[in-house]
Amino acid sequence: MEALQAIAKRKSTRSYTTEQISDRQLETLLFAADAAPKAGGAEGCVHISVIQNKELLRKLIQAAATAFCQGEGYTPFYGAPTLLVISGNNETPYGGAGANVACAGENVLIAATALGLGSVYLTGFLAAFSVAPELIKEVGVPEGFTPLAGVIVGNTAEKEFMEKEFKVGRYVNYVK
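Residues numbered from 1 in each chain as written. Predicted model: local features only at pLDDT ≥ 70, side-chain atom pairs only at ≥ 80, totals over all residues. Heavy atoms only, no water.

Caption draft 1: The packing of aromatic side chains, seen in detail. In the structure shown here, the tally under the stated rule is 3 aromatic pairs. Ring geometry for Phe68 versus Tyr74: centroids 6.4 Å apart, planes at 55°, classification tilted. Exposure remark for Tyr74: the relative accessible area of 23% places this residue in the partly exposed category. Between Phe77 and Phe125, the aromatic rings sit 5.6 Å apart at their centres with planes inclined by 70°, giving edge-to-face as the arrangement. Of this pair, Phe77 sits in the loop between helix 3 (54-67) and strand 2 (82-89) while Phe125 sits in the loop between strand 3 (118-122) and helix 5 (127-131), and the two are 48 residues apart along the sequence. For the pair shown, Phe77 and Phe125 are each scored as buried. (Phe/Tyr/Trp six-rings, centres within 6.5 Å; stacked < 30°, edge-to-face > 60°. Buried < 20%, exposed > 50% of the residue type's maximum accessible area, 1.4 Å probe, protein only. Helix = DSSP H or I, 4+ residues; strand = E, 2+ residues; numbered from the N terminus.)

Caption draft 2: Structural view of helix 2 (residues 23-34). The end-to-end C-alpha separation of helix 2 is 16 Å, in line with the 16 Å expected for 12 residues at 1.5 Å each. Those residues of helix 2 that fall on the buried side of the exposure criterion are Gln25, Leu26, Leu29, Ala32 and Ala33. Along the long axis of helix 2, the arc covered by the buried residues comes to 120°, so they all point the same way. For helix 2, the exposed residues lying more than 90 degrees away from the buried face are Asp23, Arg24 and Phe31. Of the surrounding elements, those touching the buried residues of helix 2 are strand 1 (46-51), strand 2, helix 4 (97-114) and strand 4 (145-154). (Expected span 1.5 Å × (residues − 1). Arc of directions from axis to C-beta. Contact = heavy atoms within 4.5 Å.)

Structural data, given as structure tokens:
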């Protein structure tokens, strides 16, 4: 799939099969994240924790449910079998940790679409870390990094992705 086609087909997927993504697919997603632009070109400014452990995913869901006063059945990960917790280095030049994480996350979303996988960019689940800060270590976030976003990935249980129509100019103004 070409890059623009993957961008046009990308959507937030909220229904997944229980089948885990392959190691090869995961490697491709991590390569895409690493290839993202980085503020000041700094290496090591983004850390990704790959969470495929069902018990840890359950703990994160429970903590997020508590943070949002949600009861049983709260599903911030929509049943996706893989969560990538993307953390930014607190010492990133130019205050670019958030931008670095966002760029890495977007690359993962586009790569997932190109691989035929579903995905969603998430930030709400991060509230789990304020309710249960011990989960930061359990997730594997290194000292000096802050979790800023996540991407869930999996085999979609939804129908085929539809390409979006390109509508350049709708939210653009030109100053020449």
